[in-house]
Amino acid sequence: MSTFRIRKREEPWKWGALVTFPGALLFSLSICALLLLWQDKSVWQGMQVLWAGTFGETWALEEALLKAVPIFLCSLGVAVAFRMQIWNIGAEGQFALGAIGASWMALTFPGLPHWVLIPLMFLMALVLGSLWALVPAFLRLRLKVNEIISTLMLNYIAILLIDYLVLRVWKDPSGFPVSPEFSSAALIGKMYGRIHWGIALCVACGFAVWAFMRFTRLGYELKASGEGARVARYAKLPYSFLVMFVMGVSGALAGWAGALEISAVVGRLQPSVMAGYGYTAIVVAWLAQLQPLAIAVVAFLLAALRVGAENLQIELQIPAAFGVIMEGLILLTVLAAQFFSTYTIERRREGEE
Amino acid sequence: MNFELIVALLAATVHSGTPVLYATLGEMLSEKGGVLNLGVEGMMSVSAFAAFMVCLVTGSAWLGLLAGGVAGFLMAALHGFVTITCLGNQVVSGLALTILGGGLTEFMGTPYIGLNTSGFNVWAIPGLSSIPVLGPIFFKHNVLVYMSYLLPVAFWFFMRRTRLGLAVTAVGEMPAAAAAAGLNPKRLRWFAVTGGGFLVGLSGAYLSLAYTHLWTTGLSGGRGWIAVALVIFAFWRPFRAVVGAYLFGGVMAFQLRLQATGTALAPQFLLMLPYALTVIVLVLSAWKGKRRSQGPGALGVNIEPEG
């Protein structure tokens, strides 16, 4: 008789990611095929429409790149915090505060020249976005308040704040729950087709985070502090400062994502800018194992998936939540499949030890 | 505010606190076994939908309740598979579960938005309900509320007085020691996670069958997260969970009442109250229980294979 035993690998399986990721994708796709059947749709047709909406056509790629921008920035932010084992689940709310900050400036100073107004908008987005993240950081440090819950609760509050602002303070004369349109000085120009100059900001932020983690002392300390407050204290690392720092950076990046979304894509503050990018960002950060370059790739892939799901909605009347389901499934399957890159199953004969 | 209004408000407090109580105790069971389940919000919406659909199709509220429980159980089993069997990260798995749950209910539920179902109706307990003040507050509700009065006692008894409950606690504190004592840590964790999932499922069913009697997307509205916070507030003790749940029920009821009377205050600020209170409650519990507020020793830590 032989028995099976789980053993930890001496070193992680290098090719693990190459096997688990496509496997997880395939598995999630097949579950989603079942959902299509459940909705009485042809799976083949559904997959074709999904493909056309993700990679099949140029407009889809352009749209995906557009959506990848906010997801990338938010994800970069949460990844910095996750590095330190600080669970910032609040990118959604910090994104909202960034959008609010930018709108505030755009609506208060519509007459300022472009090159003054835009930096002002991004400065305010940075301030409000990072403040929204620093509150939970402070509560965690001072009172050990669980940051997962406090950042999440602040998401709900931030979204209601947008509702309040567009309904009361910045109400559009048309009567719809949106702010008035921004002046042209507050809008970010297009680079190519619908792609705007915000891409440049993404690239800059991506490089900055990568270089920071790789080459600076602070970046190194941050990774080391990921082992926890006690380890950091033994190593005489400034743990509290680092927590405030990563949360501030995290909030600032998500805030910029919000500012970009309204100044380059929407052109006014409206509640529908809250499209769940902050939550997708968490999925992206984890799938990309917190590496900036991988975050860019995965952010693009998941943005493409969202576009594909929207295409399904337009062409086949399948709810766009299809994309959200796939996100959740992919994350769960990758999480489960990572088992194989850390552990191995051994077969043992009886009497062997 | 007159006297009758206060009584009505307190009755509404019990009504809206009950689903939070079920969910809090569900999460507490899971955490007692050492598994942090952040999927409560997603589990709650899936089970609310399952309960609603089964009740709509069969016409039986009890079958709907069962369906809600089973849906919560199954979602929790998914979390169990990822974290206990495959040793995946508990925080991320829970978040994924919440994302998945939100997506699933939006995907499946859209055609049913606004439909009504009978569900559980008010059944005043004869005799008890005619007690002045206490009667209308506690004994003019649906059956699920009466069940929830017994639940914390049962939970306490199970945890403190039964072999299985003590074993679950041991695994939550120190799985290695529990294993050395001849217990099966993984199996006990499976029990805690799925049992907790069933309770969370009942809370979802309460929302669609007893609280609203209809389906809308986002029915759980953050209650799942509030439940996770309340477990911390309650120091993992069932009777303190009752206090927490009713505190929230009170704020929700108060907020609704105030909106109905039409104050000058913007409704958005009233809607923020439960979320703001969650943070405040966490601050207060951290303040009061510097030492006591520590959870089970092995909470969030997976059981690694030996060797």
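Preceding this section is the structure that the text describes.
Calculation rules
- For every chain, the first residue of the written sequence is number 1, and numbering continues from 1 onward in sequence order.
- In the order they appear in the text, chains get letters beginning with A and ligands get numbers beginning with 1.
- Only residues with pLDDT of at least 70 get local features here, since the model is predicted, and only at 80 or more are side-chain atom pairs given and counted; chain-wide, interface and lining totals rely on the full set of residues.
- Only heavy atoms go into the side-chain values, all of them from the structure, while hydrogens and water stay out.
- Each helix corresponds to a stretch of at least 4 residues labelled H or I by DSSP, and each strand to a stretch of at least 2 residues labelled E; elements are numbered beginning at the N terminus.
- Any helix carries an expected span of 1.5 Å times its number of residues minus one.
- Here the bend at a residue means the angle between the axes of two seven-residue stretches, the one that ends at it and the one that starts at it.
- With a 1.4 Å probe rolled over the protein chains alone, any residue whose accessible area is under 20% of its type maximum counts as buried; one over 50% counts as exposed, and the rest are partly exposed.
- When checking whether two residues touch, look at their non-hydrogen atoms; a contact exists if any pair is within 4.5 Å.
- Simply put, the buried area is the total loss of 1.4 Å probe accessible area from both parts when two parts are fitted together.
- Think of a salt bridge as a Lys or Arg side-chain nitrogen and an Asp or Glu carboxyl oxygen that are within 4 Å of each other.
- Under this definition, polar contacts are N or O atom pairs within 3.5 Å; protein pairs additionally need one hydrogen-donor-capable and one acceptor-capable atom, and for neighbouring residues in sequence, both atoms have to be side-chain atoms.
- When two rings of Phe, Tyr or Trp (its six-membered ring) have centres within 6.5 Å they constitute a pair, described as stacked for plane angles under 30 degrees, edge-to-face for angles over 60, and tilted for the intermediate range.
- Whether a charge sits over a ring comes down to the Lys NZ or Arg CZ being within 6 Å of the ring centre and within 35 degrees of the ring normal.

Enquirer: How would you sum up helix α9 (residues 185-211) of chain B? Please name residues and give values.
Expert: Residues and elements named next belong to chain B. Compared with the 39 Å implied by 1.5 Å per residue over 27 residues, the 37 Å span of α9 between its first and last C-alpha is a close match. Along α9, the sharpest kink reaches roughly 30 degrees, centred on Ala 205. With 20 of 27 residues buried, α9 lies mostly within the body of the structure. At the C-terminal side of α9, His 213 shows a positive phi close to 60 degrees.

Enquirer: Please provide a residue-by-residue account of the interface of chain A and chain B, values included.
Expert: Counting from both sides, the interface comprises 45 residues of chain A and, opposite them, 50 residues of chain B. Buried surface at the junction of chain A and chain B, both sides included, amounts to about 4,100 Å², of which 82% is carbon and sulfur. When the area that chain A buries against chain B is broken down by residue, the three leading residues are A:Ile149, A:Met153 and A:Leu332, summing to 15%. Applying the counting criterion to the chain A and chain B interface returns zero salt bridges. Counting every contact that joins chain A to chain B gives zero residue pairs in polar contact (both at pLDDT 80 or more). Looking at the side of chain A that touches chain B, the elements that each hand over two or more residues are β1 (2-8), α1 (16-38), α5 (114-143), α6 (147-169), α11 (277-287) and α13 (321-337) of chain A.

Enquirer: Help me get a handle on the packing of aromatic side chains, residues and values and all.
Expert: Counted under the stated rule, the structure contains 21 aromatic pairs over all chains. Look at A:Trp87 and A:Trp286: their rings are 6.1 Å apart centre to centre, the planes differ by 35 degrees, and that puts the pair in the tilted class. Placement of the pair is A:Trp87 in the loop between α3 (58-83) and α4 (91-108) and A:Trp286 in helix α11, with a sequence separation of 199 residues. Taking relative accessible area as the criterion, A:Trp87 reaches 11% and is therefore assigned buried. Taking the centre distance of 6.3 Å and the plane angle of 85 degrees together, the rings of A:Phe207 and A:Trp210 count as edge-to-face. One end of the pair is A:Phe207 and the other is A:Trp210, both in helix α7 (residues 198-215) and three residues apart, which spans about a single turn. On the basis of relative accessibility, which here comes to 36%, the residue A:Trp210 falls in the partly exposed class. The structure contains a cluster of three or more aromatic residues connected by ring pairs, namely B:Trp123, B:Phe138, B:Phe139, B:Tyr146 and B:Tyr149. In this structure, B:Arg240 is placed above the aromatic ring of B:Phe233, and the distance from its NZ or CZ to the ring centre is 4.9 Å.

These results come straight from atomic positions and should not be treated as a statement about function.
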